[in-house]
Amino acid sequence: MIKEIEIALLPEQVNIYNSLEKAVAQAIRIPREKINFISILKRSIDARKAKVLIRLKVKVYTLESHPTEEISSENKYKYVQNADPIIIVGSGPAGLFAALRLLELGLKPIIIERGKDIHLRKYDIADLNREQKVNPDSNYCFGEGGAGTYSDGKLYTRSTKRGDLNDILQKLVSHGASCDILIDAHPHIGTDKLPSIISNIRETIINHGGEFYFERKIVDFLIKDSNIKGVIDQSGSIYEGKSVILATGHSARDIYELLNSKEILIEAKPFALGIRIEHPQQIIDSIQYHSKSRGQFLPAATYQLVTQVEGKGVFSFCMCPGGIIVPAATEEGQIVVNGMSNSRRNSPYANAGMVVSVELSDLQAYQSHGALAGLKFQEDIEKAAFNVSGNGQIAPAQRMTDFINSKVSANLNSSSYVPGLVSASVHEILPSFIAKRLQQAFVVFDDKMKGYLTQEANIVGVESRTSSPVRIPRNPETLQHIQIKNLYPCGEGAGYAGGIISSALDGVAVAEKIRK
Ligand SMILES: Cc1cc2nc3c(=O)[nH]c(=O)nc-3n(C[C@H](O)[C@H](O)[C@H](O)COP(=O)(O)OP(=O)(O)OC[C@H]3O[C@@H](n4cnc5c(N)ncnc54)[C@H](O)[C@@H]3O)c2cc1C
């Protein structure tokens, strides 16, 4: 007999096979000796009641049956050295997963990346944190693996309808991610594990005849009769291909400027902007798990908050339990913060973006910038945040209680943010329609999570790169740019994805359209 059942266990029972076996045997009313094997299919934490439970969906094989499913080790990638070349600009999740799918489809990916390979990139990241120097081509957003490399590596998405999520997760596992991501309801990888996975993906691509070029910034397109033939890098080298996948992410402002200057249609689109909030992890654990400490069997607790204030969405974004806040600017003279964590999520801090929707109607003062209105708005706020200290990557901050009372903090809480914080009026750096809504939303959130509004939390400015403020419009059928043939805007920078998984899924979708 093979049976799928759902059971709930205490956290301390989950990793003990005997406890699991006993619970399963009781649930299906057979003696324990009759169970051959138990495979966990899904795992989630249920903290709705005082006693926190781990909910499992398991497949039970009794003695007369055997587990036959295994992760497919079949190599589906073709050797493509002499196949039709497809240019991919950008090696983030969209570019990399487009490349893997092209290999499966028998087309040759040629990836061109402005940043450095993963090994060299880590030195620039270290410099950014310690020396506070921003390398405009190698930072938390640019370089091998894109913005997803030094991140929390959360792998959930709301856009599962867009493609085969399981295929993306399987590919990550076959390149070194833990099998846990296949069963967890909210899988994540962690920044300590992501770099080796990314370099394994590069190896797969090169071993199957694809090509990789680092430190080549694309500065122009080769277009004839509204048909893209290739791209040109900063040294004048030309890369020609049958199609061009433009997967440059939402921080490649120079690419939007280039498209705009060449009168290749782009559009302003709504996005969201706000701050990053950092609590002691222990406060979040005690709220979410209803007890003083989470103990040794539960992971650092997460949260997701959303409300409407005066008709606008205010929501938490990219919550990093047991994580750190990082400087995510791509140029000197800007302050942008984001969050990441390692696989064990064991820092004493919990941080999350807390952002307000920005509609095109909020950008009246920027109308003269046309399609770049949102981008210029973002840029001005990032500069204003920088001007507070005018010094490296030191970020403006405020205690949460002072932020809601529009008061500068006499002093700040300790923080995970390595470059350092300076006490400032974050509520004045943000446009008032954003600051006011955040202030009101925090009171609502404290109602939902008692103890969330606390002077022990810091507000850190600014969380401005949540999603792209620009869309590069494409034909919904062919996924090609609506004016330029064989140009495939892809991933977060094209405005069609947000996050690692949805960008990867978009890369796959574009590769399949190219094959067609
Ligand atoms: C610190 C941080 C933490 C994050 N945490 C998470 C998380 O936990 N979960 C999640 O789902 N998402 C997270 N995100 C967001 C996620 O990383 C992005 O949504 C995702 O990486 C977008 O994928 P992409 O391939 O579309 O673009 P990107 O990842 O931005 O990749 C674009 C690539 O294009 C390159 N490029 C840009 N311009 C050029 C050019 N002119 N020439 C050549 N190359 C160019 C860049 O160097 C970059 O490598 C995080 C982001 C950051 C910054």
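Because the structure is predicted, anything quoted here is derived from the model rather than measured.

Draft legend 1. Up close: the overall build of the protein. Of the regular secondary structure elements, the protein holds 13 helices and 22 strands. Computed over C-alpha atoms, the radius of gyration of the protein comes to 24 Å, within 12% of the 24 Å expected from 2.2 N^0.38 for 516 residues, which places it in the range of a compact globule. For the protein, the spread of C-alpha atoms along the three principal axes comes to 75 × 65 × 40 Å. When the 516 residues of the protein are sorted by exposure, 58% land in the buried category.

Draft legend 2. View of the environment of K59. Within the secondary structure, K59 sits in strand β3 (residues 53-62). Sequence separation between K59 and G507 is 448 residues, and the spatial gap between their C-alpha atoms is 33 Å.

Draft legend 3. Spatial organisation of the packing of helix α3 (residues 93-105) against helix α6 (residues 194-207). Running from N to C, α3 and α6 point in directions that differ by 35°, and their axes come no closer than 10 Å. Considering the relative orientation of α3 and α6, their crossing is left-handed. Side by side, α3 and α6 meet where L96, F97, A99, L100 and L103 of the first sit next to I198, I201, T204 and I205 of the second. A class-by-class count of the residues in the contact of α3 with α6 yields eight nonpolar, one polar and no charged.

Draft legend 4. Structural detail: the site of the ligand. What surrounds the ligand is a group of 37 residues, the closest being E113, A147, E492, G499 and I500. A distance of 3.1 Å separates a nitrogen atom of the ligand from a polar atom in the backbone of R114. Protein burial of the ligand: of its 1,000 Å² of free accessible surface, 96% is covered by the chains. For the shell around the ligand, the elements supplying multiple residues, two or more each, are α3, β16 (337-341) and α13 (500-515). In terms of residue class, the shell around the ligand is built from 15 nonpolar, 15 polar and seven charged. Both of domain 2 (85-266 + 472-515) and domain 3 (268-463) provide at least three residues apiece to the shell around the ligand.

Rules behind the numbers
Residues numbered from 1 in each chain as written. Predicted model: local features only at pLDDT ≥ 70, side-chain atom pairs only at ≥ 80, totals over all residues. Heavy atoms only, no water. Helix = DSSP H or I, 4+ residues; strand = E, 2+ residues; numbered from the N terminus. Rg over C-alpha atoms; globule rule 2.2 N^0.38 Å. Buried < 20%, exposed > 50% of the residue type's maximum accessible area, 1.4 Å probe, protein only. Axes fitted to C-alpha atoms, helices over the stretch in contact; angles between N-to-C directions. Left-handed = near helix turned anticlockwise from the far one by under 90°. Contact = heavy atoms within 4.5 Å. Nonpolar A, V, L, I, M, F, W, Y, C, P; charged D, E, K, R; others polar. Near = heavy atom within 4 Å. Polar contact = N/O pair within 3.5 Å; in protein donor to acceptor, adjacent residues only side chain to side chain. Areas by Shrake-Rupley, 256 points an atom, 1.4 Å probe, with all protein chains shown as cover. Domains from an automatic or database assignment.

Treat this as a map of the structure, not an account of what it does.
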